[in-house]
Amino acid sequence: MGANIKQIRSRIKSVDSTLHITKAMQLVASSKVRRAKLSADGAAVYADAMRDAFLNLVSRDTEKSIFVTPPKIGVTCYLLIAGDRGLAGGYNGNLFRLATAEAAGRRCVYLPIGKRAADFCQRQGLPTLSERSYSSEKLSDLQLSEIAALLCDGFRAHQFDAVKVIHTELLSVLSQEAVCTTLLPLPVTAGSTASVTVYEPDSEALMQRAVADYLTASLAAAVRESFLCELYARRNAMDSATKNAEEMIDALNLQYNRARQSSITQEITEIVAGAEGQQ
């Protein structure tokens, strides 16, 4: 009985230590949410404005541009935006399942953003566009520009004929969804006609120069929103883990008290039995 009590006490101590860790991680995630939300909102507004302005270039004047109608190569470049660390519930797992489903039966090349994304590509033996590693949390504007330039160069060099980004979309504080968005080629709407705006030197030349800025803005919005989703997912996961640890400690304390009570009762019974035997 004494050994059982000692084992329960050891488990309580272990779970309590885990509880402190999960609660600390929950608080850290919560402290980062406000700044991440401001960054994500600002990036989304800029990306929407850039997208609206840039897609106005897509008309009959630019329909033969490589960024609108690229030659058929049959290779898709996937930007996989995951987290730098785990313990965020199904955040990373959902992205990897979507990436696996999207790539089924296709020729693909990947550009991972986030340590977990890089680890996934390495484990699966997936071809990558660059050997450089990028942090999803600390990705700078300069690095975003470098990635956009890399994509533009690869598109012009006919390394791939489509660029898609797999990232996480924020539905609510408690719900996030892994999605796949196409960046290139640029969509041609049914209403696209000859542009009524006069561009200098011409719309095709402007598109060639501005496409990198369009990709940079779109990627910034996807990365910032994904990081916000990661924080929400980690905060929710750690909140659930903390509550589970508290419930487990309560159950173990009850078990411990019952074991102690049983041990004390047994000792009293043995003392009484021994006293009666001496009489």
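Keep in mind that what you see is a predicted model, and the values were worked out from it rather than measured.

Tallying secondary structure elements over the chain gives five helices and four strands in all. Ordered by position from the N terminus, the helices and strands of the chain form the series α-β-α-β-α-α-β-β-α. Across the 279 residues that make up the chain, the buried fraction comes to 41%. Taking contacts inside the chain between residues at least 6 apart in sequence as the whole, the part at least 24 apart equals 77%.

What follows covers the nonpolar core. Of all hydrophobic cores here, the largest spans 42 residues; its most connected members are Leu79, Ile113, Ile147, Leu151, Phe160, Val163 and Leu186. Looking at this core element by element, the count peaks at eleven residues for helix H5 (residues 203-278). Apart from the residues within four sequence positions on either side, Leu186 is in contact with Phe54, Leu55, Val58, Phe67, Val68, Met207 and Tyr214.

For the structure shown, the criterion picks out twelve salt bridges. A salt bridge links Asp41 to Lys37, with the nearest nitrogen and oxygen atoms 3.0 Å apart. Here the residue Asp41 and the residue Lys37 both occupy positions in helix H1 (residues 2-55), the gap between them amounting to four residues, near one helical turn. On the basis of relative accessible area, Asp41 is assigned to the partly exposed category, the value being 38%. The class for Lys37 is partly exposed, based on a relative accessible area of 37%. One salt bridge in this structure joins Asp239 and Lys243, with 3.4 Å as the shortest N-O distance. One end of the pair, Asp239, and the other, Lys243, are both in helix H5, four residues apart, so they sit about a helical turn from each other.

Glancing now at helix H4 (residues 141-156). Think of an α-helix as turning once every 3.6 residues; residues three or four places apart then point the same way. Compared with an ideal rise of 1.5 Å per residue, which puts 16 residues at 22 Å, H4 spans 23 Å between its outermost C-alpha atoms and is within 8% of the ideal. Along H4, the positions that sit buried rather than exposed are Gln143, Leu144, Ile147, Ala148, Leu151, Cys152, Gly154 and Phe155. A positive phi of about 60° marks His158, the residue just after H4.

Okay, the pairing of strand S1 (residues 75-81) next. Consecutive side chains of a regular strand alternate in pointing toward one face of the sheet and then the other. The buried fraction of S1 is high, at seven of seven residues. Neither face of S1 is exposed, since Val75, Cys77, Leu79 and Ile81 on one face and Thr76, Tyr78 and Leu80 on the opposite face are all buried. Pairing analysis gives seven bridges linking S1 to strand S2 (residues 107-113), with the strands arranged parallel. Counterpart to Ile81 in the pairing with S2 is Ile113. Of the pairings in the sheet, the one linking S1 to strand S3 (residues 162-172) comprises five bridges and is parallel in character. By the bridge assignment for S3, Tyr78 is matched with Lys164.

Strand pairs in the sheet, formed through backbone hydrogen bonds, run parallel or antiparallel to each other. The strand order across the open sheet built from four strands is S2-S1-S3-S4, with neighbouring strands paired in mixed fashion. In the strand order of this sheet, the two ends are held by S2 and strand S4 (175-184), each with one partner. Neighbouring strand axes in the sheet, compared pairwise and without regard to direction, differ in orientation by 25° on average. Packing against the sheet, helix H3 (residues 115-124) makes contact with S1 and S2, and its axis sits at approximately 145° to S2.

With that settled, consider the state of the cysteines. Summed over the entire model, instances satisfying the criterion amount to zero disulfides. Of the cysteine sulfurs around Cys77, a residue in no disulfide, the closest is that of Cys108, at 9.4 Å.

About the criteria used
Residues numbered from 1 in each chain as written. Predicted model: local features only at pLDDT ≥ 70, side-chain atom pairs only at ≥ 80, totals over all residues. Heavy atoms only, no water. Helix = DSSP H or I, 4+ residues; strand = E, 2+ residues; numbered from the N terminus. Buried < 20%, exposed > 50% of the residue type's maximum accessible area, 1.4 Å probe, protein only. Contact = heavy atoms within 4.5 Å. Core = buried A, V, L, I, M, F, W, Y, C linked by side-chain atoms within 4.5 Å. Salt bridge = Lys/Arg side-chain N within 4 Å of Asp/Glu carboxyl O. Expected span 1.5 Å × (residues − 1). Pairing = 2+ DSSP bridges. Axes fitted to C-alpha atoms, helices over the stretch in contact; angles between N-to-C directions. Disulfide = S-S within 2.5 Å.

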